[in-house]
Amino acid sequence: MQRSVIDLKVYDPKDFPAYLPKLNKLYDDLFAGGKGFRAKLIRMMSANLSLDAKAELLLGQTIEFIHNASLLHDDLIDRSHLRRGKPAAWLKYTPEYAVLAGDYLLARVMVNLSGHGNIKLVQYTAEVISDLLEGEWLQDSVVGDFFVTLEQLDRIHNLKTASLFKWCIRAPFIAQERYEDELHRTLEEMGTLLGQLFQRSDDLLDYDIRNDEGKAILGDLKSGYLNSFGAFVCKGRSRQEIDNIVKSKNLEEYYAAIGGKAQFDQKLLEFDEMNKGLIQMYNHHLERLKTFLKPGEEKLIDHLRPLTEILYWRRKPS
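Quick caveat, the model's predicted, so the values are computed rather than measured.

Caption draft 1: Region of the structure containing the overall build of the chain. Within the chain, the regular secondary structure consists of 15 helices and two strands. A globule of 318 residues ought to have a C-alpha radius of gyration of about 20 Å, and the chain, at 20 Å, matches this closely. Structurally, the chain occupies a C-alpha span of about 55 × 50 × 30 Å along its principal axes. Counting all 318 residues of the chain, 54% fall into the buried class. Here the chain has roughly 15,100 Å² of accessible surface; of this, 54% comes from carbon and sulfur atoms. Of note, the chain has its 43 positive side-chain charges centred 3 Å away from the centre of its 47 negative side-chain charges.

Have a look at this one:
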């Protein structure tokens, strides 16, 4: 049976007790609009590894709770007014309540995981939460820094974005107590690449590239944040050139600041080519993953392969 994100609300009856009506309302109102991609990834991994239904539910809820807690906190830090087309929680309720709601979700994660009895899964999840917070600190430190490098941003994205993808593909194996070092090194590399590809694709939306979601154009730049594509375009340019680029108020001004639309298209082509290299690396690790799978689990490879098409190119695989 296919579960929606909202179905993952309860793993244990204590998750959302009736005497916390505002917390229940917040989850139902704001989180139900999410795509639940990470939970779907958990479901796909679990189905191919024959994980039991209760463990699958726990993992699906865990990743949604962590992801949504991070969004609650991020929206407050960034002072974002909208989340999934609705008023952000810190505006609709209060900033203090948004913090408490995010903290509550993280607390429930650790309570429920502890009940599962796998200390390695608890430890790994705690490390991921720590990575998210470290990434948030680092990202805040580069706001307003228009000379940040792609390598610096990759480190931030590995902590903030890739950590959740890594968790999705590693946690089902940990839940089954499959701890081979080489297996998890392979999964770690795959998750890192998926996170980079997703973030770089998300950053392209800011320049109206494959922007089917209708993301605000140059929103990152106007907020003082030079994202991965922006850093790629600015690499090697003079301070004066970069100063002119970051003052752009629309795409036409941006094109002019970097030398015209043809120059923009060329940089996009180079950026895509660079990321095709990451996709090739992902496929290499995917072939290596085959050696760790048990008989009957081979279809997992077929389900993992299209993720780069979905996450970077933003299109359904053919």
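Caption draft 2: Examining the pattern of salt bridges more closely. Applying the stated criterion across every chain yields a total of 24 salt bridges. As a salt-bridge pair, D154 and R200 come within 2.8 Å of each other at their nearest N and O atoms. With D154 in helix α7 (residues 150–175) and R200 in helix α8 (residues 181–205), this residue pair connects regions lying 46 residues apart in the sequence. Neither residue differs from the other here; D154 and R200 are each classed as buried. Residue R288 pairs with E182 through a salt bridge whose shortest N-O separation is 2.8 Å. Here the residue R288 occupies a position in helix α13 (residues 261–289), and E182 occupies one in helix α8, the gap between them amounting to 106 residues. Given the relative accessible area of 33%, E182 is considered partly exposed. Each member of the salt-bridge network shares a partner with another, and the members are D202, E213, K215, D220 and R314.

Caption draft 3: View of the nonpolar core. Of all hydrophobic cores here, the largest spans 100 residues; its most connected members are L41, W167, F229, L289, L300 and L304. When residues of this core are assigned to their parent elements, the largest contribution, twelve residues, is made by α7.

Caption draft 4: The packing of α8 against α13, seen in detail. The interhelical angle for the contact between α8 and α13, taken along N-to-C directions, is 160 degrees, at an axis separation of 9 Å. Of the possible angle classes, the one that applies to α8 and α13 is roughly antiparallel. You can see that α8 and α13 cross each other, and the crossing is left-handed. Here the residues of the contact of α8 with α13 are counted per class, giving 16 nonpolar, four polar and five charged.

What counts as what
- Residues numbered from 1 in each chain as written.
- Predicted model: local features only at pLDDT ≥ 70, side-chain atom pairs only at ≥ 80, totals over all residues.
- Heavy atoms only, no water.
- Helix = DSSP H or I, 4+ residues; strand = E, 2+ residues; numbered from the N terminus.
- Rg over C-alpha atoms; globule rule 2.2 N^0.38 Å.
- Buried < 20%, exposed > 50% of the residue type's maximum accessible area, 1.4 Å probe, protein only.
- Areas by Shrake-Rupley, 256 points an atom, 1.4 Å probe, with all protein chains shown as cover.
- Lys, Arg positive; Asp, Glu negative; His and termini not counted.
- Charge placed at Lys NZ, Arg CZ, Asp CG, Glu CD.
- Salt bridge = Lys/Arg side-chain N within 4 Å of Asp/Glu carboxyl O.
- Core = buried A, V, L, I, M, F, W, Y, C linked by side-chain atoms within 4.5 Å.
- Axes fitted to C-alpha atoms, helices over the stretch in contact; angles between N-to-C directions.
- Parallel < 35°, antiparallel > 145°, perpendicular 65-115°, else oblique.
- Left-handed = near helix turned anticlockwise from the far one by under 90°.
- Nonpolar A, V, L, I, M, F, W, Y, C, P; charged D, E, K, R; others polar.

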